[in-house]
Amino acid sequence: MSSTLTYAVRDSTTMLRRNLKHAIRYPAVGFGTAAMPILMLLLFVYAFGGSIGAGLGAGGGRSVYLEYLTPGILIMAVAAGAMSTSIAVCTDMTEGIINRFRTMNISRASFMTGHVVGSVIQTMTSLVLVMGVAVAVGFRPDASPLEWLAAAGLLAAVALAVTWLSAALGLISKTVESASNKPLLVQFLPFLGSAFVPADSMSPGLRWFAEYQPFTPMTETLRGLLTGSAIGHDAWISLAWCAGIGLAGYLWSRSLFNSGTTR
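Residues numbered from 1 in each chain as written. Predicted model: local features only at pLDDT ≥ 70, side-chain atom pairs only at ≥ 80, totals over all residues. Heavy atoms only, no water.

Here we come to the overall build of the protein. Helices and strands together make up the secondary structure of the protein, namely eleven helices and zero strands. Of the regular secondary structure in the protein, the N- to C-terminal order runs α-α-α-α-α-α-α-α-α-α-α. The buried share among the 263 residues of the protein stands at 44%. Partitioning the contacts of the protein with sequence separation of at least 6, the portion at a separation of at least 24 is 78%. For the protein, the accessible area works out to roughly 12,900 Å², and carbon and sulfur atoms hold 67% of it. (Helix = DSSP H or I, 4+ residues; strand = E, 2+ residues; numbered from the N terminus. Buried < 20%, exposed > 50% of the residue type's maximum accessible area, 1.4 Å probe, protein only. Contact = heavy atoms within 4.5 Å. Areas by Shrake-Rupley, 256 points an atom, 1.4 Å probe, with all protein chains shown as cover.)

Below, the structure is given as C-alpha cells:
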C-alpha cells in the first residue's frame, strides 16, 4: 500500500513538473487568466467607481468602491482560471499524448492530479498579479497576518474546487473550442453575485439567486477577511460549497478518465 502511494506521488510530481514547464514555456496563458480580471477592475473603478461607490455609504467615492470590488475581482480571477484548465486537459486528450501515457507504467491518477495542482499554482500566481495591480491603484486591506493566511487558504480552496470541475469539463469536450466554452458559466457566476454590487440592491428574483449561489458567500468571506466587513456564516457556507464542488468534480473526472468514455 505504501509503495503504491509512493509511486502515485512520484508520478503526480512528474506530471506536475510537466504542466508547470508548459506554463513557463507559454506565459501568455497565465497572463491571459489575470488580464480580464485586471481590466474589469480598472474599468469598474475608474469608469463607474464614483457613482457606484456613492451608494455604498461611508463617504462613497472611488476608493470605497475599490475596497468593495477587489475581493470580488479576486474571486473572478479564480473562476477565470477554469478555462485554461479545461483547455489543457482537452488538448492532452485530443492530441494523443494520453494514449502514450496509458501504455506507460504510471499511476492513472497522476495525469489528472498533475493538471489540477499545476492549474491551482498558476491561478494562485495570477492572483498575486491581480492583487498587486489593486494595491497599485489604491486598495489598502487591513487584514492581520492570520486573516491574510485565511484569505489565501480560501482562495486556494475555491481554486481547487473550480479546477477539478473544469478538468471534468475538459474531459467531456470533443474539441479545444468546446473546452473553452464549457467553463463560461463558472466564469459568469461572480457577475451574478455580490462581486460588483451588493446583492440587496438587485431586483427580488436576481437577489434571491445572488444570495444562494456559491460565489456570493465566497466573495463576502474574502471581503470580510481583507477589509473587516461582517462574515457571519458565509465562511462555513463557502467551505461547504468548495468541498461539494471539488468532490463532485473529482469524482466526475475520475469516473470519466478511468472509464475511457471522455468524449
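We now examine helix H11 (residues 234-259). Between its terminal C-alpha atoms H11 stretches 37 Å, which fits the 38 Å expected from 26 residues at 1.5 Å a residue. Ser 238, Cys 242, Gly 246, Gly 249, Ser 253, Leu 256 and Phe 257 are the residues of H11 that are buried. (Expected span 1.5 Å × (residues − 1).)

Time to look at the packing of helix H6 (residues 145-171) against helix H10 (residues 215-227). For any two helices packed against each other, one specifies the inter-axial angle together with the distance between the axes. One can describe the packing of H6 onto H10 by two numbers: an axis separation of 9 Å at closest approach and a directional angle of 160 degrees. Comparing the axis directions of H6 and H10 gives the class roughly antiparallel. Regarding H6 and H10, the two cross each other, and that crossing is left-handed. Counting all contacts with H6, which are made through Glu 147, Trp 148, Ala 150, Ala 151, Leu 154, Leu 155, Val 158 and Val 162, the residues of H10 involved are Phe 215, Met 218, Thr 221, Leu 222, Leu 225 and Leu 226. A class-by-class count of the residues in the contact of H6 with H10 yields twelve nonpolar, one polar and one charged. (Axes fitted to C-alpha atoms, helices over the stretch in contact; angles between N-to-C directions. Parallel < 35°, antiparallel > 145°, perpendicular 65-115°, else oblique. Left-handed = near helix turned anticlockwise from the far one by under 90°. Nonpolar A, V, L, I, M, F, W, Y, C, P; charged D, E, K, R; others polar.)

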